[in-house]
Structures are given as C-alpha cells and as structure tokens.
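What follows is each chain in one-letter form.
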Amino acid sequence: MSRDLLQKLIGIARYAPTGHNSQSIRWLVIEDATEVRRLGGLVADWMRSLLAESAEYALSMHMDRVIDSWERGIDRILRSAPHLIVAHGLSTMPLSQSSCLIALTYLELAAPSLGLGTCWAGYFTAAANFYPPLQDALALPKGHLPYGAVMIGYPMYRYQRMPPRNKPEIGWR
Ligand SMILES: Cc1cc2nc3c(=O)[nH]c(=O)nc-3n(C[C@H](O)[C@H](O)[C@H](O)COP(=O)(O)O)c2cc1C
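It should be emphasised that the depicted structure is a prediction, and the values quoted were computed from it without experimental measurement. (Residues numbered from 1 in each chain as written. Predicted model: local features only at pLDDT ≥ 70, side-chain atom pairs only at ≥ 80, totals over all residues. Heavy atoms only, no water.)

On to unusual backbone geometry. The phi dihedral of N21 is positive, around 50°, even though this residue is not glycine. Residue N21 is classed as exposed on the basis of its relative accessible area, which comes to 54%. One non-glycine residue, A139, lies in the positive phi region at around 50°. Tracing the sequence through the fold places A139 in the loop between helix 7 (132-138) and strand 4 (144-153). With relative accessibility at 59%, the residue A139 sits in the exposed group. (Buried < 20%, exposed > 50% of the residue type's maximum accessible area, 1.4 Å probe, protein only. Helix = DSSP H or I, 4+ residues; strand = E, 2+ residues; numbered from the N terminus.)

Shown next, in the form of structure tokens:
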C-alpha cells in the first residue's frame with residue numbers, strides 16, 4: 001500500500017472534531033510489515049508476562065487463547081496486517097483520548113471508500129500503554145500516550161450484508 005494512500009486517509013481523519021479544537025492528535029504509521037510483526041511479538045511477550053502474574057485479567061481477555069494461536073502461527077493480535085496506524089497525544093491535554101478515538105473512527109469509516117479495510121488494535125493499544133519494551137519500541141514524544149490504533153490493509157473478504165447486532169436499548173424520557 002502506498003504512503004500516499006495512507007496519507008490521504010489520515011488527511012480525511014484530520015477533519016474529525018477535537019476537544020477545544022486542539023487539533024493536537026499525532027499519528028505514527030508503522031509502514032513496514034516486518035516491524036508490525038515485531039511489535040505484535042512484543043504484545044505477545046506482554047500477554048505471556050500477564051498470564052504468569054495476574055492470570056485473572058489475562059484470562060478474562062482470552063490472552064491464553066491468543067498466545068496459543070500465536071504459537072501456532074495464527075496472529076490474533078495484529079491479524080498479519082501489513083500496516084498499523086497509531087493515534088497519540090499529550091496525556092496532559094484534556095480530551096486527548098476522546099479526540100484520538102473519534103479521529104480513528106473517522107479513519108475506519110473512510111477506509112472502505114479508498115478500498116481499504118481496518119481492524120481496531122485493542123490488545124496492541126493496551127500493551128502500548130503498559131509494557132515498557134513496547135513503549136521503547138514506539139518511542140513516542142515525551143508525555144504522549146498511544147490512545148488508539150488500527151491495523152490496515154486491503155480486505156481479504158467482501159461483506160455481502162451487515163453483520164448482525166443486538167437491538168439498541170434506549171431509555172426514553
Ligand atoms: C476497542 C476495540 C478493540 C479491538 N481490538 C481487537 C484486537 O486487538 N484484535 C482483533 O483482532 N480485533 C480487535 N477488535 C475487533 C473486534 O473483535 C470486532 O470489531 C468485533 O468482534 C465485531 O466484529 P465486526 O467488527 O466484524 O462486526 C477490536 C474492536 C474494538 C471496537
């Protein structure tokens with residue numbers, strides 16, 4: 001996937017609203033698939049350490065199954081995606097996290113119009129907030145936290161219908 005295309009997509013996401021119109025979101029694009037794989041390996045290391053230390057949280061997040069798959073060559077962490085887009089911001093900036101997540105949501109919604117597919121990288125984001133070896137690998141600017149990330153590539157499947165969802169639970173007053 002070309003850098004131009006990734007830049008075009010981020011160019012759309014930058015129109016997302018930000019708290020106080022701070023426009024303070026920063027982006028880190030991991031373009032190199034080998035590096036994406038290496039970062040996934042660090043997430044797997046984090047999961048193994050959690051499974052050893054605080055099994056309850058790790059088990060509730062099904063990390064045992066994720067690690068089992070990883071060891072069989074199935075990547076349920078970053079889905080063997082070729083690229084990863086991380087939205088980060090200053091932790092002292094109010095609403096940084098909300099702004100990053102809104103921008104990533106714009107990015108996710110815009111991706112199919114450019115022929116691209118995304119998947120939220122929740123395991124990666126959690127590890128990137130807590131696991132020093134992954135934080136070192138990302139080397140974000142001082143004071144920044146990675147508030148969200150999506151894997152991105154060309155979709156393998158074409159959806160024929162909407163995925164099923166529960167009915168909304170709404171309180172009317
Ligand atoms: C906040 C969030 C974090 C997620 N993290 C991961 C992840 O780390 N790895 C993964 O493969 N999928 C991840 N997903 C994808 C969800 O598993 C997926 O969206 C959900 O199962 C519904 O499937 P659908 O989007 O195809 O309808 C995440 C989704 C969200 C919203």
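As a matter of local geometry, the ligand sits amid R76, I77, R79, C119, W120, A121, G122, Y123, M151, P163 and R165. Contact distances for the ligand include 2.6 Å between an oxygen atom and a side-chain N or O atom of R79. When isolated, the ligand has an accessible area of 630 Å², and the protein chains bury 48% of it. Elements with a contribution of two residues or more to the shell around the ligand: strand 3 (117-120) and helix 6 (122-130). Broken down by class, the residue content of the shell around the ligand amounts to seven nonpolar, one polar and three charged. (Near = heavy atom within 4 Å. Polar contact = N/O pair within 3.5 Å; in protein donor to acceptor, adjacent residues only side chain to side chain. Areas by Shrake-Rupley, 256 points an atom, 1.4 Å probe, with all protein chains shown as cover. Nonpolar A, V, L, I, M, F, W, Y, C, P; charged D, E, K, R; others polar.)

Working definition: the strands of a sheet are paired by backbone hydrogen bonds and lie parallel or antiparallel to each other. The antiparallel open sheet is built from four strands, whose spatial order is 1-2-4-3. A single partner strand is all that each edge strand has here, and the edge strands are strand 1 (26-30) and strand 3. Taken pair by pair, the neighbouring strands of this sheet meet at an average axis angle of 30°, ignoring direction. Against the sheet, helix 5 (residues 96-110) contacts strand 1, strand 2 (83-90), strand 3 and strand 4, and its axis sits at roughly 10° relative to strand 4. (Pairing = 2+ DSSP bridges. Axes fitted to C-alpha atoms, helices over the stretch in contact; angles between N-to-C directions. Contact = heavy atoms within 4.5 Å.)

Here we take up the packing of helix 2 (residues 33-53) against helix 6. Packing of helix 2 against helix 6 leaves a shortest axis separation of 10 Å and a crossing angle of 70°. On the basis of the axis angle, helix 2 is roughly perpendicular to helix 6. Touching L39, V43, W46 and M47 of helix 2 are Y123, F124, A126, A127 and F130, all from helix 6. Grouping the amino acids of the contact of helix 2 with helix 6 by side-chain chemistry returns nine nonpolar, no polar and no charged. (Parallel < 35°, antiparallel > 145°, perpendicular 65-115°, else oblique.)

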